[in-house]
Amino acid sequence: MSTPLVPRSVRGLPLRRRHDEAPPIPHLSVAAPPAILRRACHMALAGLAVLLAGCASLSPEGDAPQALSLVQGQPLVGDARPQRRPDTASAAQAETLLAGPLDQQAAVRIALAQSPRMQAAFAALQLSDAERAEAATLPNPVFSFSRLREGRELELDRLISFNVVGLLTLPWRARWAGQQQEAARLDAAQAVLQLAADTRRAWLRAVADRQSAVYLRDVRDAAEAGATLAQRMQKAGNWPALQAAREQLQQADAQAQLARAEQAATASREALVRLLGLDGAQAARLTLPDRLPDLPASLPGDADLQAQALRDRLDLRAARADAAAIAEAQRLTRATRFVDVMELGVARNTTFTNDIDRGRSTQRGWEIGLPIPLFDFGQARSAQAEARYLQAAARVRGVALAAASEVREAEAARRHAWQIAHRYQAEVLPLQRQVNDEMVLRYNAMGASVWQLLAEARASARTVDAAMQAQRDFWLAEVDLQMALTGSSPAGLSALRGAGTGAAPASTTNEGGH
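Residues numbered from 1 in each chain as written. Predicted model: local features only at pLDDT ≥ 70, side-chain atom pairs only at ≥ 80, totals over all residues. Heavy atoms only, no water.

## Topic: the overall build of the protein chain
Going by this rule: Only runs of H or I of at least four residues qualify as helices and only runs of E of at least two qualify as strands under DSSP, and these elements are numbered from the N terminus. When accessible area is computed with a 1.4 Å probe and restricted to protein chains, residues below 20% of their type maximum are described as buried, those above 50% as exposed, and intermediate ones as partly exposed. What makes two residues a contact is simply this: any of their non-hydrogen atoms within 4.5 Å.
Within the protein chain one finds 14 helices and five strands. Counting every position in the protein chain, which comprises 514 residues, the buried fraction comes to 43%. Long-range contacts, defined here as pairs at least 24 residues apart, represent 83% of the contacts in the protein chain between residues at least 6 apart.

Written out as structure tokens, the structure is:
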């Protein structure tokens, strides 16, 4: 009769050793009575089922309501309702708003309801929520099966194992995943604010460029009238060629400026169309107001804008969430410094003897495997975790300093833009109207020539255009200030996300068992 085979697990670790075999070095194997084995197995499976049911749930609607709560009441968003995807209601709303001239807030409503950027932002949030649920879920148990034959003997080994460290560290990993999801919510909220701000800027530029083209048409018409009159007078011999050439030059320059203005108006209009997510038919129905909103009579009183930014800025809140997640990962790394893997397995080995008696024997037991820290004591992982936390703390301080500086800069830019635009409205334009009226009176009294009248008309149109550009700059500065108070700088959250990708705990792998 041949020697029976010794049952082995997938890693080649015997549950019951022969006396002539050397003991395994990396793992420990202990036999247990069948009753204790069954009880431990049932308890482990029951606990596993409870944890899987409680920690792996996905947020309804892809966690969108929590993200949207972060931007409710923000001036950039107003009463607009961001949506994960367009529906019949948002399409009907867009058709209604496009029926008349589109104001600034209506443009934000359409953009947040049907822009592809909004859909991509919510899809990224849903993906992050799925990653959170995956990170907070225990790894699946591993079933191993082996079939060994030696002569007439057949041995079948079955082993079910799971990662015990994954079970013990699940609370850490669940908290870490929740903190990462909070950062993802801030990302989505930032995308909402960024789209609202970009839409407002695009609307302001589109209206301003359209208005500028109207004024430059007046300049072109005045230049054409002067050039036509100069040609007639030259043909009659009453006008020198030099003066006629100057008038023609004025006409050509005015036509070139108008062409550039019309091209800029078309480009800014199409930029707005892209942000709104309009198709060709909707873009053809888009109409814009003739003028920009009026300037406010005065600016709001001095407020502690820097404190507001440090309280509400999304990129600063994201940096703090990243720092908290990395601190949690650092605590997990310290807790698992020496033992980061421990696996428990339940084995059942059956041996068949293909002889006359056709004997059969079954062995049951359990196996625990854990590394022996002979060479790696976890110093490198601990140092990496500490360095990541120091980086996160430095990012929080850097973002806070940048937020305060950007708010000061944006507030100063808004104040100067208002002062310039207000000076145009209060001083320059009234003086220009006075000059126009005096020139008309002098022309009617034969005290000014038609050429002077036409030149004054061209200068007046350019002054009105400059006043309109100053008015546009103020409203753009207002949008920039609101973004600096509640959103982030242009590279804000994207830089934070790139810096925080290495903060995951070392024990979040979903590979379990042997």
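Next comes the rest of the write-up.
## As for a nonpolar patch on the surface
To keep it simple, the criterion reads: Patches in this entry comprise residues that are over 30% relatively accessible and not in a salt bridge; like charges within 9 Å are linked, as are nonpolar side chains (Val, Leu, Ile, Met, Phe, Trp, Tyr) within 5 Å. Residue exposure ignores everything except the shown protein chains as possible cover, and the areas themselves are Shrake-Rupley values with a 1.4 Å probe. Salt bridges, as used here, are contacts in which a Lys or Arg side-chain nitrogen is within 4 Å of a carboxyl oxygen on Asp or Glu.
A cluster of nonpolar side chains, contributed by Phe143, Phe145 and Ile160, occupies part of the molecular surface with about 330 Å² of accessible area. Position of phenylalanine 143 among the secondary structure elements: in strand E2 (residues 142-150). We classify phenylalanine 143 as exposed; its relative accessible area is 54%.

## Looking at the environment of leucine 154
With respect to the helices and strands, the residue leucine 154 is situated in strand E3 (residues 153-163). Residue leucine 154 is classed as buried on the basis of its relative accessible area of 15%. Sequence separation between leucine 154 and arginine 360 is 206 residues, and the spatial gap between their C-alpha atoms is 9.5 Å.

## A few points about the side chain of glutamate 456
Spelled out, the test is: Here the positive residues are Lys and Arg and the negative ones are Asp and Glu; neither His nor the chain ends is included. Counting of polar contacts relies on pairs of N or O atoms within 3.5 Å, with two restrictions inside protein: one atom must be capable of donating a hydrogen and the other of accepting it, and residues adjacent in sequence are counted only when both atoms are side-chain atoms.
Mapped onto the secondary structure, glutamate 456 falls in helix H13 (residues 450-486). For the buried residue glutamate 456, which engages in no salt bridge, the nearest side chain bearing the opposite charge is arginine 442, 8.9 Å off. A polar side-chain atom of glutamate 456 sits 3.0 Å from a polar atom in the side chain of glutamine 432. Residues within four places of glutamate 456 in sequence aside, it is in contact with Gln432, Val435, Asn436 and Met439.

## Points about the environment of leucine 476
Tracing the backbone shows leucine 476 in helix H13. Judged by its relative accessible area of 10%, leucine 476 falls in the buried class. Setting aside residues up to four positions removed in sequence, leucine 476 forms contacts with Arg201, Leu204 and Arg205.

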